[in-house]
Amino acid sequence: MTEFFTVKHIDNSRLVRPMAPNRMRECTRLVSLGGLITVCVMLYAWQHFATIQLRYKLGALRGERTQAAELNQELKLEVAGLRAPGRIDTIARRQLGLTVPVPGQVAPMDLPSGTVFAEARTTAGSAAQ
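Fair warning: this is a prediction, and the values are worked out from it, not measured in the lab. (Residues numbered from 1 in each chain as written. Predicted model: local features only at pLDDT ≥ 70, side-chain atom pairs only at ≥ 80, totals over all residues. Heavy atoms only, no water.)

1. Side note on the overall build of the protein chain
A count of helices and strands for the protein chain gives three helices and zero strands. Taken from the N to the C terminus, the helices and strands of the protein chain come in the order α-α-α. Whereas a compact globule of 129 residues would reach a radius of gyration of roughly 14 Å, the protein chain reaches 46 Å, over 25% beyond that. Across the 129 residues of the protein chain, 1% fall into the buried class. Placing the 16 positive and 10 negative side-chain charges of the protein chain at their respective mean positions leaves the two points 11 Å apart. (Helix = DSSP H or I, 4+ residues; strand = E, 2+ residues; numbered from the N terminus. Rg over C-alpha atoms; globule rule 2.2 N^0.38 Å. Buried < 20%, exposed > 50% of the residue type's maximum accessible area, 1.4 Å probe, protein only. Lys, Arg positive; Asp, Glu negative; His and termini not counted. Charge placed at Lys NZ, Arg CZ, Asp CG, Glu CD.)

As C-alpha cells, then:
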C-alpha cells in the first residue's frame, strides 16, 4: 500500500493575536521598575567607587603635607643657623678678611633735609638683658 502526503500551505499572516491591555501595562511597569532599580544601583556603585578614590587621594595628600612640614622645619633650622651672628662674623673675618674699622676710617654722609631713617628696634627680651 502506498501512502501519499499532501502539503497544504496555510497563510496565517493576517491573524492577530489579541493582547490583554492589563498584561501590557504590567509588562511596562516591570520594565520601568527594573530600569529604576538598575539606575539606583549604578548610582550607588559610582558614589562608592568615587569615595574610595577620594580616600586614596586624601591619604596621598596627607603624606605630602607631612613631608612638606618636615622639609619646612629643616629649612627653618638651616636659615636660623645661617643667620647666626657668630657665623657671619667668623666668615667676615676669616674668609673675607674684614676687620673692625678704625675711628678715622668712617666718614659721615651729608643727607638732604627730610630724609627718613630706619631704626633698629630691640625686642623687650633683648633690651632687658
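2. Quick word on the confidence of the model for the protein chain
Mean pLDDT over the protein chain works out to 88, with 95% of the residues at or above the 70 mark. Element-level pLDDT for the protein chain is lowest in helix H3 (residues 124-127), with a mean of 54, against a maximum mean of 96 in helix H1 (residues 21-82). (pLDDT = per-residue confidence, 0-100.)

3. Focus on the pattern of salt bridges
Counted under the stated rule, the structure contains two salt bridges. Arg14 is paired through a salt bridge with Asp11; the nearest N and O atoms lie 3.0 Å apart. Accessibility expressed as a relative area gives 66% for Arg14, which makes it exposed. Of the charged contacts in the structure, one is a salt bridge between Asp89 and Arg93, with a shortest N-O distance of 3.1 Å. Of this pair, Asp89 and Arg93 both sit in helix H2 (residues 85-94), separated by four residues, roughly a single helical turn. A relative accessible area of 36% means that Asp89 is categorised as partly exposed. (Salt bridge = Lys/Arg side-chain N within 4 Å of Asp/Glu carboxyl O.)

4. A short note on a nonpolar patch on the surface
Among the surface-exposed residues, Leu33, Leu36, Ile37 and Val41 lie close enough to one another that they form a single nonpolar patch of about 380 Å² accessible area. By secondary structure assignment, the location of Leu36 is in helix H1. (Patch = residues over 30% accessible without salt bridge, like charges linked within 9 Å, V, L, I, M, F, W, Y side chains within 5 Å. Areas by Shrake-Rupley, 256 points an atom, 1.4 Å probe, with all protein chains shown as cover.)

5. So, the environment of Thr115
Along the polypeptide, Thr115 turns up in the loop between H2 and H3. By relative accessible area, Thr115 is classed as partly exposed at 35%. Separated by 41 residues in sequence, Thr115 and Glu74 place their C-alpha atoms 41 Å apart.

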